[in-house]
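# A look at the structure
Given next are the chains, with one letter for each unit.
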Amino acid sequence: MSVTPDAALSPSAGRRFRAYTTKHLDELTARAGLAADEQLAVKAVAHVLPFRVNSYVIDELVDWDAAPDDPIYRLVFPQADMLPSDDVARIADLLKAGASRKELNETANKVRAKLNPHPAGQMDLNVPKLGNEEPIPGIQHKYRETVLFFPKQGQTCHAYCTYCFRWAQFVGDADLKFASGEIDQMTEYVRSHPEITSVLFTGGDPMIMGESVISRYIEPLLEIEHLEAIRIGTKALAYWPQRFTTDPDADETLRLFEKVVESGKNLAFMAHFSHPNEMRSELVQEAVRRIRSTGAIIRTQAPLIRTINDDSATWESMWRTHLRHGMVPYYMFVERDTGPQDYFAVPLAEAYEIFREAYQNVSGLARTVRGPSMSATPGKVCVDGVVEVGGEKLFVLHLIQSRDAELVGKPFFAKYDEKAAWLSDLKPALGATHFPWEVASDAGAGELIDPTRL
Ligand SMILES: *Cc1c(COP(=O)(O)O)cnc(C)c1O
């Protein structure tokens, strides 16, 4: 293709990593067949929400004959109707008038502020901790046994998903102070907390880091006896499988994975896959083979997104393909309450039907998957079903994961609501005044239990 991308971001021989950003958008949307006014509207959206793709996504993943309806195109390219039309028109007018960057940014920031840029827990990422110590930058002690690591060199991705719940980070709007390069301090926190059995590297995408950087975070952890697993949350398999095949540090990265396994720990590679088409290329299949050959276990997860993967056949096909390639289906998430959630959200009732229809068609080997699951402040809330009790229609739910381990695995109910799309839309049922993680308040509505306990 004729678009000239940005210079390589990672040192590389052969086909280098190339990022395409907003300045390449016109050429790309023209290729998708958009008319001039549609192109302008898409560009307006890309001034509010982050946009970044790369040559692999463009050349191998997007089906340009099917664009703009192609699910992978929709996965990475902003859509004109993702934001309120008057906001889009306002920015489009500024672009047409050749407004200054400052003027554009001010308007974009106003639009962003309306999109709940900091959903629960995102702004106090290093605050919810279980002990009484000072928060450690770069660490979120999420659950008793699990801490999240946010390495400061890992705060971007090989491409951006249009539905990303961390979108605010990528437009410079979020407080990034929680990310850290203080490796000794982060390691020491894990060492001094024997209850921590699992460290989850997240970001951004930790696999954006070269081997020489990520190994500085991982290797010290291998000395810690009580640590059982190191997880890497990443979309690199889908967006840049070269990271594990032909990139200059691909072999060293695999050796690092081997070292983790040899140290007696589980290397859990948490792969974000949104659509079965992401498994089509020979390159990704080879990358999966190579990662698995190190002894790492690849688990797969993704949110359920309207217009991208909102039908059971897509999930069934995805789980079957993952299984075939030796990967373990892990979570189907519900889209979080931030960014263009109105655009992407699938109501919980429908999400549950999609999950069930896909789940009932796959073998027990793929039924390792849990969902639809909301990653919310109290923990992971799973929608188990819809029932009728004494004439009242109800959702049955349970916590898969909770800050308060006592609550895990106990079923609870909420009033059925066909439009409810997030935990905050749900109301307790059968006479209950609050949910299990809340305490009853005088007003009758539940309040979150003392967050220092959670
Ligand atoms: C899912 C999730 C975890 C890990 O939870 P598990 O149920 O142990 O896999 C940690 N942090 C966040 C933000 C999550 O969404």
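One numbering rule holds for all chains: residues counted from 1, following each sequence as written. Local features in this predicted model are restricted to residues whose pLDDT is 70 or higher, and side-chain atom pairs enter the listing and the counts only when it is 80 or higher, whereas totals over whole chains, interfaces and linings include all residues. Hydrogens are left out, water is left out, and the side-chain values use all remaining heavy atoms of the structure.

It is worth spelling out the environment of Gly-233 at this point. Looking at the element boundaries, Gly-233 is found in strand β6 (residues 229-234). It is 8.1 Å that separates the C-alpha atoms of Gly-233 and Gly-203, two residues lying 30 residues apart in sequence. Residue contacts follow a heavy-atom distance rule, with two residues in contact if any of their heavy atoms lie within 4.5 Å. Setting aside residues up to four positions removed in sequence, Gly-233 forms contacts with Leu-200, Phe-201, Asp-205, Pro-206 and Met-270. Only DSSP runs of H or I covering at least 4 residues are called helices, and only runs of E covering at least 2 are called strands; the numbering of each starts at the N terminus.

Turning to a nonpolar patch on the surface, a few remarks are in order. Candidates for patches are residues over 30% relative accessible area with no salt bridge; among them, like charges are joined within 9 Å and nonpolar side chains (Val, Leu, Ile, Met, Phe, Trp, Tyr) within 5 Å. In these tables, accessible area is a Shrake-Rupley quantity obtained with a 1.4 Å probe, and a residue counts as shielded only by the protein chains included in the view. We define a salt bridge as a contact between a side-chain nitrogen of Lys or Arg and a carboxyl oxygen of Asp or Glu at a distance within 4 Å. A contiguous nonpolar surface patch, about 280 Å² in accessible area, is contributed by Val-387, Val-389, Phe-413 and Leu-430. Judged by its relative accessible area of 32%, Val-387 falls in the partly exposed class. Buried means the residue's accessible area, taken with a 1.4 Å probe over protein chains only, is under 20% of the maximum for its type, while exposed means over 50%, and partly exposed covers the values in between.

Most of strand β3 (residues 139-143) sits inside the fold, with 5 of its 5 residues counted as buried. One bridge is not enough; two strands pair if DSSP finds at least two bridges between them. Relative to strand β4 (residues 146-149), β3 runs antiparallel, the two sharing 4 bridges. Following the sheet pairing, Gln-140 is matched in β4 by Leu-148. Taking the residues between adjacent antiparallel strands as the criterion, β3 and β4 are bridged by 2 residues.

Relative to the assigned elements, Thr-246 resides in the loop between α10 (236-239) and α11 (250-262). Residues Thr-246 and Leu-283, 37 residues apart in the sequence, show an inter-C-alpha distance of 9.4 Å.

Further remarks concern the pattern of salt bridges. All told, the structure shown has 14 salt bridges when counted by the stated rule. Here Asp-26 makes a salt bridge to Lys-43, at a shortest N to O gap of 3.0 Å. Of this pair, Asp-26 sits in helix α1 (residues 25-31) while Lys-43 sits in helix α2 (residues 36-46), and the two are 17 residues apart along the sequence. For Asp-87, the salt bridge goes to Lys-114, with nearest N and O atoms at 3.0 Å. Within this pair, whereas Asp-87 is found in helix α5 (residues 85-96), its partner Lys-114 is found in the loop between α6 (101-113) and β3, the two being separated by 27 residues in sequence. Each of Asp-87, Arg-90 and Lys-114 takes part in salt bridges that share partners, so that together they form one network.

By this rule the span expected of a helix is its residue count minus one, scaled by 1.5 Å. The first and last C-alpha atoms of helix α13 (residues 312-324) sit 18 Å apart over 13 residues, in line with the 18 Å expected at 1.5 Å per residue. Residues Ser-312, Thr-314, Trp-315, Glu-316, Met-318, Trp-319, Thr-321 and His-322 constitute the buried set of α13. Against the buried residues of α13 lie β8 (297-304), β9 (328-334) and α15 (348-359). At the exit of α13 stands Gly-326, carrying a positive phi of roughly 85°.

With that out of the way, let us pick up the confidence of the model for the chain. Confidence along the chain averages 91 in pLDDT terms, with 89% of residues attaining 70 or more. Each residue carries a pLDDT score, the predictor's own confidence in it, on a scale running from 0 to 100. Between residues 7-14, whose pLDDT stays under 50, and residues either more than four places distant or in other chains, the model counts 12 contacts. Contacts for the low-pLDDT stretch residues 442-454, under 50 throughout, to residues beyond four places or in other chains number 24 contacts.

Attention now goes to the sheet that holds strand β5 (residues 198-201). The 11 strands are arranged β3-β4-β5-β6-β7-β8-β9-β10-β11-β12-β13 in an open sheet whose pairing can be described as mixed. Strands at the two margins of the open sheet, each flanked by one partner only, are β3 and β13 (411-415). Neighbour to neighbour, the strand axes of the sheet diverge by 30° on average, direction disregarded. Along the sheet, helix α8 (residues 183-191) makes contact with β3, β4 and β5, crossing β4 at roughly 175°. Only the stretch in contact is used when a helix axis is fitted, and all axes are lines through C-alpha atoms; the angle between N-to-C directions ranges over 0 to 180 degrees.

Turning our attention to the packing of aromatic side chains. A pair of Phe, Tyr and Trp rings is counted when the ring centres sit within 6.5 Å of each other, with Trp represented by its six-membered ring. The angle between the planes then sorts it: under 30 degrees is stacked, over 60 is edge-to-face, the rest tilted. Scanning the entire structure with this criterion turns up 22 aromatic pairs. Look at Phe-412 and Trp-437: their rings are 5.3 Å apart centre to centre, the planes differ by 80°, and that puts the pair in the edge-to-face class. You can see Phe-412 sitting in strand β13 and its partner Trp-437 sitting in the loop between β13 and β14 (438-440), a full 25 residues away along the chain. For the pair formed by Phe-412 and Trp-437, the shared burial category is buried. An angle of 15° between the planes, with centres 5.1 Å apart, marks the rings of Phe-435 and Trp-437 as stacked. For Trp-437, a relative accessible area of 4% translates into the label buried. Members of the aromatic cluster, each reached through a chain of ring pairs, are Phe-51, Trp-64, Tyr-73 and Phe-77. When the NZ atom of lysine or the CZ atom of arginine is within 6 Å of a ring's centre and also within 35 degrees of its normal, the charge is said to sit over that ring. When the ring centre of Tyr-239 is taken as origin, the NZ or CZ atom of Lys-235, which lies over that ring, is 4.9 Å away.

In this model, α5 (12 residues) spans 16 Å end to end at C-alpha, consistent with the 16 Å of a helix rising 1.5 Å per residue. Among the residues of α5, those classed as buried are Asp-87, Val-88, Ile-91, Ala-92 and Leu-94. Angular distribution of buried residues about the axis of α5 spans 160°; they occupy a single face of the element. In α5, the exposed positions that point more than 90 degrees away from the buried face belong to Ser-85, Asp-86 and Lys-96. The elements touched by buried residues of α5 are α2 and α6. Downstream of α5 by a residue or two, Gly-98 has a phi angle that is positive, lying close to 70°. By construction, the arc corresponds to the directions joining the helix axis to the C-beta atoms.

Taken together, Lys-142, Tyr-143, Leu-148, Leu-200, Arg-231, Tyr-330, Tyr-331, Ser-375, Lys-380 and Gln-401 make up the full set of residues adjacent to the ligand. Throughout this description, a polar contact denotes any pair of N or O atoms lying within 3.5 Å of each other; where both atoms belong to protein, one of them has to be capable of donating a hydrogen while the other can accept it, and for residues adjacent in sequence the pair is counted only when both atoms sit in side chains. With respect to the ligand, the side chain of Tyr-330 contributes an N or O atom lying 2.7 Å from an oxygen atom. Between the ligand and Tyr-331, the relevant distance is 2.5 Å, taken from an oxygen atom to a side-chain nitrogen or oxygen of the residue. Look at the ligand: alone it shows 380 Å² of surface, and the protein chains cover 88% of it. Every element with two or more residues in the shell around the ligand is listed here: β3 and β9. Here a residue is considered near a molecule or strand provided that any single heavy atom belonging to it is located within 4 Å of it.

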